[in-house]
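# Descriptive analysis of the structure
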Amino acid sequence: MLILTLKDKCRKCYTCVRNCPVKAIKGETNHTEIIYERCIACGKCVNNCPQKAKIFNDKVATMERLLASGQLVVAVLGGAFPAFFHNVSPGQLVAGLKELGFAEVHEGAYGVELVAVEYVSAIEVATTPLISSHCPAIVDLIERHYPKLINNLIEVVSPMVAIGRFLKGVLGAEVKVVYISSCIGAKLEIESEEIRGAIDVVLTCRELDSMFKSHSIDITSLEEESFDGIQPYLGRLFPITEGSFRVLPIVSDLLDGKIVTATGEVNVMEIISDLAQGRITPQIADIRFCYNGCIGGPGMNNDLTSFFKRNLVISHFKSEVPYKTAAHYLDMKITPHLARSFSNRYVKLKPPKSADITKILNSTNKYTQKDELNCSACGYRTCREYSVAVHQGLANLEMCLPYNFQQLEEDRGRLIQKYELAQRELNREYGDEFIIGTDKKTQEVLDLIKQVGPTPTTVLIRGESGTGKELIARAIHRYSKKNDKPLVTVNCTTITDSLLESELFGHRKGAFTGADADKIGLFEAADGGTIFLDEIGDITSKLQAELLRVLDSGDVRPVGGTATKKVDIRLIAATNKNLEEGIKKGWFREDLYYRLNVFTITTPPLRSRVESIPILAQHFLEKASAKLNKKIVSIEMRAIKAMMDYPWSGNIREMQNVIERAAVLTQDDTIRLEHLPHSFVDNYTEGSNDRSVTQASFQASRERHVGKVEKDLIQQYLTQVNGHVSKAAKLADIPRRSFYRLMKKYGLNGREIKARLKIKDSQIQLQNS
């Protein structure tokens, strides 16, 4: 595989797809992948990937093994080398190569002069337009995508293959020839069955430069050494635009149109398309895929301008280069085999039917011509071309950017709707009467909430389990100036120590096993609002240190990350543990304790709030009745008295569960002592708390009568306006939302009342008739 994908780096931005001229890249689940049977090794995906997720298959390790093998290894410098190693002389570069272990160093420009005669002969006898075959990317483009132009390719090997065969003819087939080039396509070319063996390894200039660095070779400080092969002349101009015309030689006339030359993807694709369609019929088309010729190859230094690189090549052509041609190259009569043939490697894809295209377009919300934006964000010119690619498995639906935006908008709408519904439920669950109780201790807690709520002060809520610490945290948030921002609650005991840090502070992709993507933590999610950490006394020492750092600096650093993010949060913590004892025993940090214990609210246990038990019981009865969809209106006096005598070790939470259980068991509209657990019956004694029981009985009776009056009034208002809720609310002079809430409380429905009235009118009409 010539080009590799680093899957952990790929972010599926589809830059590679947009820049691939032959669409040889498809989207997988988490990354994009090369389709090797379509790839022409132009290197555009590597050069344009912003995440550097596409890389060339490095041959440095192979090269190191070859140099260490003791075999005769010869280096050939491709013609564009002066444009990369511009800070050293050619002689210093030769010296550096020989220090690496190369026995001889040659200029690849001599290979151009070897094929020049063959080009002239081919042009002289041609009867159809010819296409130059010295650029590997052009050859691959025609073989894989334009097979009808295969016969137009000049059947001559590339200059690289020519000099490789020449050297092996002189030195023997066992010699290893390494070609150093700016061309990535050359790596793919040497794998071709027909020309395999001419060149053993292709190195890019970048790979060679990395070898110099790994061996600590400073070529700028080396003494010059001479090249070993035959010195080229005009072949040195081959890497630049129209340089091939000087060496082949080809005489061009601007006016006759017989000679066409072009470099760069856009120009090349236009010429290839015109040739395939028969729109142009030149004598020869000399084309190279890289912009400005070989000096613009993907293996070159892109920090230099094309004009500067062109001048470097011309300067090398004009300069005196040290040469000491080895004796075995003098007076030799070796002519390498320079002819080659080409094969059809076109992979035919199944063409879609019109119905297939329509189906794909519709699946991305394109139903009319107007919906087809042709924005090219997916990498294809038109929406229909993209649909063909989807049908052929070259693309997928998620590559359509406008469709993704529509999906995001729909998801956003659904999330807003869910948020509003959740907010409505929370408001209903924790309304104005979020903390119920008339006892003194409850009123003291309410006063503290109202005092600390509007401030940004950190609050520590202490108390036994089940006493309503989360209710108090929510109440503080409702009274705060951040009540329009999120309240994020975290129970520190329900998440394992290893995951809690990730939950609180987030993590980066790859931070630990299973971290397949970046994730923001709850502190960041609560930015601008409030975070409530329940059971703070159960977190580990490591997390205590991290939490202290966040509280001190306001900076959150995700697991596996190095950068921090500033967050603005109000912290509320709760615990049922003795933190002072924890400090003495060493399981809780003293500095964190003082950072948390700025303002403390202690929740009283239910056994110390006996006078509020009747009101609480009635509240939980209403909740249970609504949840179970059972009409239960009262709790008998004996049951209330038994609850007041009970110690309530589980506090409010236990009480809520006990009443729900009793609501399930009762067969009528009243909860009795027999419906409570046996421990309540055992604790029950006649005569105690008579006054409280009387008050509870009065409270329950009052609630029943008030409820009946309210329900009758709501029914009357709805009847008067024929079931129209808005008109009924206006008639009652209360907000429509409050009217709806009362209707729901008493199980009333405007449509049902309207239907009943209609039936009643029909019956009256029948009687009258």
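Residues numbered from 1 in each chain as written. Predicted model: local features only at pLDDT ≥ 70, side-chain atom pairs only at ≥ 80, totals over all residues. Heavy atoms only, no water.

## Some details on the overall build of the chain
A tally of regular secondary structure across the chain gives 30 helices and 22 strands. Computed over C-alpha atoms, the radius of gyration of the chain comes to 42 Å, more than 25% over the 27 Å expected from 2.2 N^0.38 for 769 residues, which places it beyond the range of a compact globule. Counting only C-alpha atoms, the chain reaches 130 × 90 × 40 Å along its principal axes. By the burial criterion, 48% of the 769 residues in the chain qualify as buried. The long-range share in the chain, meaning contacts at least 24 apart out of those at least 6 apart in sequence, stands at 74%. When the accessible surface of the chain is split by element, carbon and sulfur atoms take 51% of a total near 39,000 Å². Measuring between centres, the 100 positive side-chain charges of the chain sit 7 Å from its 93 negative side-chain charges. (Helix = DSSP H or I, 4+ residues; strand = E, 2+ residues; numbered from the N terminus. Rg over C-alpha atoms; globule rule 2.2 N^0.38 Å. Buried < 20%, exposed > 50% of the residue type's maximum accessible area, 1.4 Å probe, protein only. Contact = heavy atoms within 4.5 Å. Areas by Shrake-Rupley, 256 points an atom, 1.4 Å probe, with all protein chains shown as cover. Lys, Arg positive; Asp, Glu negative; His and termini not counted. Charge placed at Lys NZ, Arg CZ, Asp CG, Glu CD.)

## Some points on the confidence of the model for the chain
For the chain, the mean per-residue pLDDT works out to 87, and 92% of the residues sit at or above 70. Ignoring residues within four places in sequence, the model shows residues 688-696, a span with pLDDT below 50, making 11 contacts including any to other chains. (pLDDT = per-residue confidence, 0-100.)

## Digging into the nonpolar core
Grouped together as the largest cluster of nonpolar side chains are 53 residues, with contacts concentrated most on Phe289 and Tyr380. Take this core: its biggest share by element is 6 residues, from helix H11 (residues 265-277). Once residues within four sequence positions are removed from consideration, tyrosine 380 is found in contact with Val17, Lys23, Glu385, Tyr386, Ala389, Leu394, Ala395 and Met399. (Core = buried A, V, L, I, M, F, W, Y, C linked by side-chain atoms within 4.5 Å.)

## Observations regarding the packing of helix H28 (residues 725-732) against helix H29 (residues 736-745)
One way to put it is that H28 packs onto H29 with a least axis distance of 9 Å and a crossing angle of 105°. The orientation of H28 relative to H29 falls into the category roughly perpendicular. Note on element contacts: H29 touches H28 through Arg736, Phe739, Tyr740 and Met743, opposite Val725, Ser726, Ala728, Ala729 and Ala732. Among the residues making up the contact of H28 with H29, the classes are represented as 7 nonpolar, 1 polar and 1 charged. (Axes fitted to C-alpha atoms, helices over the stretch in contact; angles between N-to-C directions. Parallel < 35°, antiparallel > 145°, perpendicular 65-115°, else oblique. Nonpolar A, V, L, I, M, F, W, Y, C, P; charged D, E, K, R; others polar.)

## Remarks on the environment of valine 156
Relative to the helices and strands, valine 156 is located in the loop between helix H6 (136-145) and helix H7 (159-171). Linking valine 156 and threonine 489, residues 333 residues apart in sequence, is a C-alpha distance of 73 Å. Every residue in contact with valine 156, bar those within four places of it in the chain, is listed here: Val115, Glu118, Tyr119, Ser133, Leu338 and Arg340.

## Some details on the sheet that holds strand E8 (residues 176-181)
Spatially, 4 strands are ordered E6-E5-E8-E9 in an open sheet, and the strand pairing comes out parallel. The two strands at the open ends of the sheet, each matched to only one other strand, are strand E6 (104-107) and strand E9 (201-204). Strand-to-strand twist in this sheet, taken as the mean axis angle between neighbours without regard to direction, amounts to 25°. For strand E5 (residues 73-77) and E8, the ladder comprises 5 bridges, and the chain directions are parallel. Bridge assignment links valine 76 to a residue of E8, and that residue is tyrosine 179. Sitting on the sheet, helix H3 (residues 60-68) is in contact with E5, E8 and E9, with an inclination near 125° to E9. (Pairing = 2+ DSSP bridges.)

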